[in-house]
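Chain by chain, the residues:
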Amino acid sequence: MTEYHIASKTFAGLTTEELYELLKARFAVFVAEQRCFYLDMDDIDYRSTHFFIRKGQAVVAYGRLFEEEEPHTWHIGRVLTLERRTGMGRRLMEAIIRTAREQGAKTIRIEAQTHAVGFYEQLGFTACSEPFDEAGIEHIRMVLNC
């Protein structure tokens, strides 16, 4: 039985293998599956904490967390799971939210794909915008007040 391992690392702390695997997972979901053609590597990775769940060497869930310019406001992005309906997404998000709170977050923001709004609402997020198009997919801004 293969075990799952969750990790969180700064960009500088990632090994080349971990970086390769998380970029491969991001490509698999956002480009190959969802057909989003945009510059995924946007330099925010450098200042983010990267959270990922591995099954063996493969990244099966991923998300990044970074502080916004507004004080005590953090942003979660690039959230994905390759093994859906397994609890992996919840486990990942709970770790990210816990870390943001430990870092002093008063507000956590996410731009959620509209099909995932219910998932984020279960974690305490509320919608705070009208739907908008991001890379050809409908999104909505959501916020979690800590």
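Look a little higher up for the structure.
Everything numeric in this text was worked out from a predicted model, so none of it was measured.

S.K.: Residue-level account of the overall build of the protein, with values.
M.R.: In terms of helices and strands, the protein carries three helices and eight strands. For the protein, the sequential pattern of α-helices and β-strands runs β-α-β-β-β-α-β-α-β-β-β. Taken against the 2.2 N^0.38 rule, which gives 15 Å for 146 residues, the C-alpha radius of gyration of the protein at 15 Å falls within 12% of a compact globule. Taken over the C-alpha atoms alone, the protein extends approximately 40 × 35 × 30 Å along its principal axes. Burial status across the protein gives 43% buried among its 146 residues. At a minimum sequence separation of 6, the contacts of the protein that also span at least 24 residues come to 59%. By element, 51% of the accessible surface of the protein is carried by carbon and sulfur atoms, the whole surface being about 8200 Å². Between the mean site of the 18 positive side-chain charges and the mean site of the 22 negative ones, the protein shows a separation of 4 Å.

S.K.: Describe the environment of Thr 49, naming the residues involved and giving the relevant values.
M.R.: Position of Thr 49 relative to the elements: it lies in strand 2 (residues 49-55). Separated by 39 residues in the primary sequence, Thr 49 and Met 88 have C-alpha atoms spaced 18 Å apart. Ignoring sequence-local partners within four residues, the contact set of Thr 49 consists of Ser 8, Lys 9, Gly 63, Arg 64 and Leu 65.

S.K.: Before we move on, can you summarise the pattern of salt bridges with the specific residues and values?
M.R.: Scanning all chains against the criterion turns up 13 salt bridges. Of the charged contacts, one joins Glu 111 and Arg 141 as a salt bridge, the two residues approaching to 3.5 Å between their closest N and O atoms. Taken together, the residues span a long stretch of sequence, with Glu 111 in strand 5 (residues 107-113) and Arg 141 in strand 8 (residues 137-145) at a distance of 30 residues. Under the relative-accessibility criterion, Glu 111 is labelled partly exposed at 32%. Given the relative accessible area of 38%, Arg 141 is considered partly exposed. Linked through salt bridges whose partners overlap, the residues forming this network are Arg 26, Asp 42, Asp 45, Arg 64 and Arg 78.

The rules behind the values
Residues numbered from 1 in each chain as written. Predicted model: local features only at pLDDT ≥ 70, side-chain atom pairs only at ≥ 80, totals over all residues. Heavy atoms only, no water. Helix = DSSP H or I, 4+ residues; strand = E, 2+ residues; numbered from the N terminus. Rg over C-alpha atoms; globule rule 2.2 N^0.38 Å. Buried < 20%, exposed > 50% of the residue type's maximum accessible area, 1.4 Å probe, protein only. Contact = heavy atoms within 4.5 Å. Areas by Shrake-Rupley, 256 points an atom, 1.4 Å probe, with all protein chains shown as cover. Lys, Arg positive; Asp, Glu negative; His and termini not counted. Charge placed at Lys NZ, Arg CZ, Asp CG, Glu CD. Salt bridge = Lys/Arg side-chain N within 4 Å of Asp/Glu carboxyl O.

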